[in-house]
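Reading the structure
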Amino acid sequence: MEPGECLAGGVEGALERGDADGVLGRGGTDGGLVRGICNGTPPGGVAAWLIIVRSSAGAVGVPGSAALAAYIVGAVPLTALGDAGPVGPSAMMVGELGCAMGCRALARWVREPNGCDATGGVLAEATGRTEGAGKPNMVREPCLGTPPGASGTARPHAPHSVAVAATAIPQNGHGRFGTLIFLHNHGTASVRVGQTNIVCNGVRRRSGPIPQQLLSFDEAVLRATDADTGASALLAAGHLVMSRSLKYHRPRSAFCLEGHCAGCCARIDGQPNMRLCQVPAREMHAASTQNALRVGSTDVLEIADWFFADGLDHHTLMTSTRLGNFVAERVVRQLSGVGKLPTESAAYLPPEQRTCDVCVVGGGAAGLAVAEALGDVTVLVIDDQLTPGGSWHGEKSVAPHASANVLSRTTLLGAMVDERRTLIASSPTRLVRIQAEHVVWATGGTPQLVPFGNNDRPGVMATRAVGRLFFQHHIVPGDAICFVETMPTPPTLLRALASEGVHIECVAAADVAHVTGTEWVQAVVLTDGRVIDCDLVGISTPAAPASEGPRQFGAQVRFDAASGGFVVITDAEGRTNAANHWAVGDVCGYVGPVRAAAAGTALGRRLRAIVRGAA
Amino acid sequence: MKTIVCRCEDVSMHDLEHAVAAGYTDLEEIKRYTGFGTGMCQGKECLAFVASCVTRLCGQPPMPFTARAPLVPTPVGQLAQDPRARRLPDDVDVDVHATPTSNAVQAPTPAAARGKHE
């Protein structure tokens, strides 16, 4: 069966004769050929849907995947999948790929050979796009199988539909380039075979929780697990570009996954500038790109990136006339900037007051060790992440930390200018005022970039974020990962990735010239001309000490490039030069979680003696 | 091809070198000239990186720019829930355009920059 060929008898006929399997080679040598059949009744009189997913080198193929792809594209409900193959976590991961291909790659790459836009129409439905049901931004189940009228809205549909056979045939050894074979179902009469080349990255789910939560990003609907944040769910489903940069509208994606960078800023349920990596998938319904003039998946304002090839000095960006300046200023302000104001203001609770002997800022390795060593001293740990553990999450699976004295998702904002120097923190619902005798800064560090060309491309990610994806969100973020190092990548992470079959290369940061790829990295080019094919770049560099908090309270810092940045100066016991302010862990210079925890325990014991001695 | 030093505000290495060539070598000055460190991350992601670049360009490590509250972007609605936020009487006339004395420029404008823009 070749592209362009028509099969008599439609999909069912082809299946009965085994022709559809013939398309892809029954029981291919990779052992991953699977097929799933579903007999939904999509609108438009199309009798049958056939979805076949073929694997490549273990990257995408496990039994049941086709059924899952069918489920995700929306043809059958999950409960109907019993006979179509085992539905397990591994199947889910391929289902996600089916989703990535079905909803994203297909919409972009599949074009019907004879020019009819049947694919576009059907795929728009397949993505479960929200329609005018009175509530914009409400996610609805993909409902291809629903007869017209059942959902209350009549949808436009294609005269004939497409069945999908997605296959990623590795052409460069990593499975990033492949061929997508699809079948056009011309009613029940015949099937036309089409073929197109695609690029896909190797992100996939490893065994773990099954994606159930439904959320939408722009037009696409995707599924997420309980362990997912909005950002990890998007990455797992192949939605790689999450935002556009401020001035040049360069494509951006998550870099740190720790709520520091702006790579995953989006409008979530009507609220602008929310970080997708800091919102659990179960708490969100609909997200959308902001700061973009989108045509399909392209932001036409990206032309600014070409226009100002090196950068721009806005001080000299003037036209010769006053009127010209006036107009230019108005236009430029429309083109740049961040999200639009919320549709309705969120309701916040009045501030909450907390009093404690010791307030620990940061719930990472050092902070949790301090809190534990403090014993019966009243202590409050505030941590800005969804779950405590800090940089441990980048190196291993962290058991849930259940402790009443840890306030997660609470970020320190600064101090009140009052006699007590009350700390002010912000949680998702309210401000928290904290009065503490002692403040321990265990804020750790923030991942940094390293200088090479296009170092901001989606797919260039902090190594800690790679670890978070793997350990915290159960996602294998690529098939071939290149680590750009100024310090060694954690061996635990390398081992874990290798155990999933990920191809790993480590290069020194000084040797990297630039990366290629626009919407996702494709290769790292070294200064000696060598090209390393990869679908993810990890930046292994010492985290820069998060000393902005201590600095605000008067703690002195010094610049230490080897330790990551501006380190807080302490004495041998951990005192900063601000009274009753202490610092421990990576904020005093990068040491890594093991040594940070040891230092935290020592400081906790000292502080306990001090607090007990004073009482 | 751009090498980005500040992702939030799209400041490139070229912009940074341009600012240093114009005579701005202090991080506070470079921040005000290029806008680096003024975006969503407020310098968490770029301050140390820019500092190491400036060290390479100028030979000596700079001091960080001032850390101001709020340290992370905060919804105004949340701050407004603090009763102290409403302490200002209605009849007090606040000149929002006045520059606080603490922010006044202490050092003279670098000669290179003066020649370029004045």
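Residues numbered from 1 in each chain as written. Chains lettered and ligands numbered in written order. Predicted model: local features only at pLDDT ≥ 70, side-chain atom pairs only at ≥ 80, totals over all residues. Heavy atoms only, no water.

**Overview of helix 3 (residues 47-58) of chain B**
Quick reminder: α-helices carry 3.6 residues per turn. Residues three or four places apart thus point the same way. All names here are of chain B. Threshold: Under the DSSP-based scheme used, a helix requires at least four consecutive residues in state H or I and a strand at least two consecutive residues in state E, with every element numbered from the N terminus. By this rule the span expected of a helix is its residue count minus one, scaled by 1.5 Å. Exposed residues in this analysis have more than 50% of their type's maximum accessible area, buried residues have under 20%, and partly exposed residues fall in between, with area computed by a 1.4 Å probe over protein chains only.
Here helix 3 contains twelve residues, and its C-alpha end-to-end distance of 16 Å stays within 8% of the 16 Å for a straight helix at 1.5 Å per residue. Where helix 3 is concerned, the buried positions are Leu-47, Ala-48, Phe-49, Val-50, Ala-51, Cys-53, Val-54 and Thr-55. Backbone geometry just downstream of helix 3 places Gly-59 in the positive-phi region, at approximately 95 degrees.

**A word on the nonpolar core**
Put simply, the rule is: Side-chain atoms within 4.5 Å are what join buried Ala, Val, Leu, Ile, Met, Phe, Trp, Tyr and Cys residues into a set we call a nonpolar core. It only takes one pair of heavy atoms within 4.5 Å for two residues to be counted as in contact.
Within the largest apolar cluster, 109 residues are counted, with the highest numbers of intra-cluster contacts made by Leu-276, Ile-434, Val-484, Val-524 and Val-537 of chain A together with Phe-36 of chain B. Top contributing element to this core by residue count: helix 3 of chain B, with six residues. Residues within four places of Phe-36 of chain B in sequence aside, it is in contact with Cys-6, Val-11, Leu-27, Ile-30, Lys-31, Cys-46, Leu-47, Val-50 and Phe-65 of chain B. By size, the runner-up hydrophobic cluster in this structure holds 23 residues, among which are Ala-365, Val-377, Ala-596 and Val-611 of chain A.

**Digging into the interface of chain B and chain A**
Basically, it comes down to this: Here the quantity called buried area is the total loss of accessible area, with a 1.4 Å probe, experienced by two parts when brought into contact, counted for both. The term salt bridge refers to a pairing of a side-chain nitrogen on Lys or Arg with a carboxyl oxygen on Asp or Glu at a separation within 4 Å. What qualifies as a polar contact is a pair of N or O atoms within 3.5 Å, subject to a donor-acceptor requirement within protein and to the restriction that residues adjacent in sequence count only when both atoms come from side chains. Under this grouping Gly is polar, as are all residues other than the nonpolar Ala, Val, Leu, Ile, Met, Phe, Trp, Tyr, Cys and Pro and the charged Asp, Glu, Lys and Arg.
Taken together, the 50 residues of chain B in the interface contact 65 residues of chain A. Between chain B and chain A, the buried area comes to about 4,700 Å², and carbon and sulfur atoms account for 59% of it. Of all residues in chain B, Lys-2, Arg-7 and Gln-78 of chain B give up the largest surface area on contact with chain A, accounting jointly for 18% of the area buried on that side. Where chain B touches chain A, the interface holds two salt bridges. At the boundary of chain B with chain A, the tally comes to 24 residue pairs in polar contact (both at pLDDT 80 or more). For the side of chain B that touches chain A, the element with the highest residue contribution is helix 3 of chain B, accounting for six residues. Of the residues belonging to the side of chain B that touches chain A, the class tally is 26 nonpolar, 13 polar and eleven charged.

**Points about the sheet that holds strand 30 (residues 531-533) of chain A**
Residues and elements named next belong to chain A. Put simply, the rule reads: Two strands form a pair only when DSSP identifies at least two bridges running between them. Every axis corresponds to a line fitted to the C-alpha atoms, with the helix fit spanning only the stretch in contact, and the corresponding angles, defined between N-to-C directions, vary from 0 to 180 degrees.
Strand order in the open sheet formed by three strands is 28-29-30, with antiparallel pairing between adjacent strands. Of all the strands in the sheet, just strand 28 (512-516) and strand 30 have a single pairing partner and so form its edges. The average angle at which neighbouring strand axes cross in this sheet is 20 degrees, direction not considered. With three bridges connecting them, strand 29 (residues 523-526) and strand 30 associate as antiparallel partners. Pairing of Ala-523 across the sheet is with Asp-533, part of strand 30.

**Some points on the packing of helix 9 (residues 365-373) of chain A against helix 13 (residues 593-614) of chain A**
Geometry of a packed helix pair, given as the angle between the helix axes and the separation of the axes. Residue and element names in this part refer to chain A. In plain terms, the rule: Roughly parallel means an angle under 35 degrees; roughly antiparallel, over 145; roughly perpendicular, 65 to 115; everything else is oblique. For any helix crossing, the convention is left-handed if the near helix is rotated counterclockwise from the far helix by under a right angle, and right-handed if that rotation is clockwise.
Where helix 9 meets helix 13, the closest approach of the two axes is 7 Å, and the angle between their N-to-C directions is 30 degrees. Put simply, helix 9 runs roughly parallel to helix 13. The handedness of the crossing between helix 9 and helix 13 is right-handed. Of helix 13, the residues touching helix 9 (which contributes Ala-365, Ala-366, Ala-369, Val-370 and Ala-373) are Pro-593, Ala-596, Ala-597, Gly-600, Thr-601, Leu-603, Gly-604, Arg-605 and Arg-608. A breakdown of the residues in the contact of helix 9 with helix 13 according to their chemical character gives nine nonpolar, three polar and two charged.

**Overview of the side chain of Arg-244 of chain A**
All names here are of chain A. Mapping Arg-244 onto the fold places it in strand 10 (residues 243-244). At 3.1 Å, the side chain of Arg-244 and the backbone oxygen of His-249 are in polar contact. Among the polar contacts listed, one links the side chain of Arg-244 to the side chain of Glu-302, at a separation of 2.8 Å.

**A look at the pattern of salt bridges**
This model, assessed by the stated rule, comprises 19 salt bridges over all chains. A salt bridge links Arg-464 of chain A to Glu-258 of chain A, with the shortest nitrogen-to-oxygen separation between them at 2.8 Å. Highlighted residues: Arg-464 of chain A in helix 10 (residues 463-472) and Glu-258 of chain A in the loop between strand 11 (251-252) and strand 12 (265-268), separated in sequence by 206 residues. Assessed through its relative accessible area of 17%, Arg-464 of chain A is described here as buried. Of the charged contacts, one joins Lys-31 of chain B and Glu-28 of chain B as a salt bridge, the two residues approaching to 3.3 Å between their closest N and O atoms. Here the residue Lys-31 of chain B and the residue Glu-28 of chain B both occupy positions in helix 2 (residues 27-34), the gap between them amounting to three residues, near one helical turn. For Lys-31 of chain B, a relative accessible area of 12% translates into the label buried. Its relative accessible area of 14% is what places Glu-28 of chain B among the buried residues. A single salt-bridge network, built from bridges that share partners, covers Arg-250, Arg-252, Asp-305 and Asp-456 of chain A together with Lys-2 and Asp-10 of chain B.

**Details of the side chain of Ser-540 of chain A**
Residues and elements named next belong to chain A. Relative to the helices and strands, Ser-540 is located in strand 31 (residues 536-540). For Ser-540, a relative accessible area of 2% gives the class buried. A polar atom in the side chain of Ser-540 sits 2.8 Å from the side chain of Thr-489. Once you skip the residues sitting within four places of it in the chain, Ser-540 turns out to touch Thr-463, Phe-483, Val-484, Glu-485, Thr-486, Met-487 and Thr-489.

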